[in-house]
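Residues per chain are reported as follows:
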Amino acid sequence: MAGQAVQARPERVSNLYVDALKWPIVGWIIVEVVLLLATFISADVSDMITPASQAVLFLLFGLWAGYQIVEYGGNMGHAVLAGLVLGIVAGLLTMIAFGLINDIMGGFAGAFPFGLFALSLNLAGGIIGGGFSHGRRLLIK
């Protein structure tokens with residue numbers, strides 16, 4: 001029904017996470033691969049990959065995940081967990097791609113803080129996106 005909020009049932013919660021996080025995670029993997037390929041093609045690109053340049057991506061993907069999970073019937077707790085899961089994935093991908101493979105950040109030790117930065121911004125984005133979607137759902141009721 002239009003305008004009706006869908007409530008997540010316990011047996012549906014695992015599917016909720018799969019449905020809501022599938023495309024944000026696939027999208028993040030594609031972005032990381034494109035950035036990694038760009039650094040292999042041109043060494044100048046690696047100078048442009050900084051926490052400030054990636055912060056926007058981390059927040060946007062977190063917003064997407066948090067918004068999506070609430071739209072699929074989750075609540076704010078689900079949005080927080082979605083941001084956390086996406087943050088872990090993004091942080092690990094960033095540490096592997098730019099810390100270990102390409103050694104832009106001086107190996108794992110240099111990339112670890114950047115991975116934590118990715119985790120925290122995706123988590124914040126998930127909370128913001130979930131809050132936005134939850135507030136929107138309340139207005140529709």
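A quick note: this is a predicted structure, and the numbers were derived from the prediction, not measured.

Cut-offs and rules
Residues numbered from 1 in each chain as written. Predicted model: local features only at pLDDT ≥ 70, side-chain atom pairs only at ≥ 80, totals over all residues. Heavy atoms only, no water. Patch = residues over 30% accessible without salt bridge, like charges linked within 9 Å, V, L, I, M, F, W, Y side chains within 5 Å. Areas by Shrake-Rupley, 256 points an atom, 1.4 Å probe, with all protein chains shown as cover. Salt bridge = Lys/Arg side-chain N within 4 Å of Asp/Glu carboxyl O. Helix = DSSP H or I, 4+ residues; strand = E, 2+ residues; numbered from the N terminus. Expected span 1.5 Å × (residues − 1). Buried < 20%, exposed > 50% of the residue type's maximum accessible area, 1.4 Å probe, protein only. Phe/Tyr/Trp six-rings, centres within 6.5 Å; stacked < 30°, edge-to-face > 60°.

1. With respect to a nonpolar patch on the surface
Right, on to step 1. Side chains of Trp23, Val26, Ile30, Val34 and Trp64 sit close together on the surface and give an oily, nonpolar patch of about 470 Å² of accessible area.
Right, on to step 2. Secondary-structure assignment places Val34 in helix α1 (residues 13–41).

2. Examining helix α3 (residues 51–71)
Helical geometry note: an α-helix holds 3.6 residues per turn, so side chains three or four residues apart project in the same direction.
Right, on to step 1. With 21 residues, α3 should cover 30 Å at 1.5 Å per step; its first-to-last C-alpha distance of 29 Å lies within 8% of that length.
Right, on to step 2. Burial in α3 covers these residues: Gln54, Ala55, Phe58, Phe61, Gly62, Ala65, Gly66, Gln68, Ile69 and Val70.
Right, on to step 3. The positive-phi residue at the C-terminal boundary of α3 is Gly73, with phi of around 110 degrees.

3. Quick word on the packing of aromatic side chains
Right, on to step 1. The full count for this structure, using the stated rule, is seven aromatic pairs.
Right, on to step 2. Relative to Phe58, the ring of Trp28 lies with its centre 5.2 Å away and its plane at 45 degrees, an arrangement referred to as tilted. With a gap of 30 residues between them, Trp28 in helix α1 and Phe58 in helix α3 connect regions that are remote in the sequence.
Right, on to step 3. Geometrically, the ring pair formed by Trp28 and Phe61 is edge-to-face, given 4.9 Å between the ring centres and 75 degrees between the ring planes. Of this pair, Trp28 sits in helix α1 while Phe61 is found in helix α3, placing the two residues 33 residues apart along the sequence. You'll find Trp28 and Phe61 in the same group, each marked buried.
Right, on to step 4. Here a set of aromatic residues connected by ring pairs shows up, and it is made of Trp28, Phe58, Phe61, Trp64, Phe114 and Phe117.

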